[in-house]
Amino acid sequence: MKQSGKLILDGVPFELDDCGDTHFYLFESDEHEGTFTIGFEVQFRSGNYQAETVSPAICINEHETGKASAEALTGCTYRVGCIEDAIEREDAFYLFEHEPMERYAFQIVEISEESAQIRIEGVAVTDGYAEPRKTAPFSGEFRLAR
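Residues numbered from 1 in each chain as written. Predicted model: local features only at pLDDT ≥ 70, side-chain atom pairs only at ≥ 80, totals over all residues. Heavy atoms only, no water.

Notes on the pairing of strand β8 (residues 77-80)
- Of the two faces of β8, only the one carrying Y78 and V80 is buried; T77 and R79 on the other face are not.
- Where β8 lies against strand β11 (residues 101-111), four bridges are found, and the strand directions are antiparallel. Each residue of the ladder has a partner; that of R79, found in β11, is A105. (Buried < 20%, exposed > 50% of the residue type's maximum accessible area, 1.4 Å probe, protein only. Helix = DSSP H or I, 4+ residues; strand = E, 2+ residues; numbered from the N terminus. Pairing = 2+ DSSP bridges.)

Some thoughts on the sheet that holds strand β4 (residues 36-43)
- Read from one edge of the open sheet, five strands run β3-β4-β7-β9-β10, paired in antiparallel fashion. Each of the sheet's edge strands pairs with one partner strand only, and the pair in question is β3 (23-28) and β10 (98-99).
- Pairing of strand β7 (residues 57-64) with strand β9 (residues 92-94), which is carried by three bridges, proceeds in the antiparallel orientation. Across the sheet, I58 pairs through a bridge with F93, a residue of β9.

Brief notes about the sheet that holds strand β1 (residues 4-9)
- Here six strands make up an open sheet; going across it, the order is β2-β1-β13-β12-β11-β8 and the pairing antiparallel. Of all the strands in the sheet, just β2 (12-15) and β8 have a single pairing partner and so form its edges. Within the sheet, the average angular offset between the axes of one strand and its neighbour, ignoring direction, is 15°. (Axes fitted to C-alpha atoms, helices over the stretch in contact; angles between N-to-C directions.)

Considering the pairing of β4
- With six of eight residues buried, β4 lies mostly within the body of the structure.
- Taken together, the six bridges between β3 and β4 define a ladder with antiparallel strand orientation. Within β4, the residue paired with F27 across the bridge is T37.
- Note: β4 against β7, six bridges, orientation antiparallel.

See the structure below:
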């Protein structure tokens, strides 16, 4: 199955890179028997952002779903509301280096035996060394192989 999608970072589009580093994870929960845990990693093709050539990536680590079937995930939304929670979860947005996200929400638009369609939006830290740190809004939608 060909993976596809797009990320928009502060108005700049990046196409999904259908490579071995782009994954959707769905597995049985270790914490809640009979339910699923999800997560994903998405790599994007190189593009220009603020006069630099970059290849963004998003890493969303395990989210407990509380759902007993993959089909029940359709329409579910998962949120991280602050940078401290993103740091604790070790979720990351890679632009120049790995940085936490200030906040994000993603929705499972559709899930099948072959793929999952995910919509995400949030605010990424683009330069954690700047004072004050630099951030940018992002959004995207992609279809990932299961």
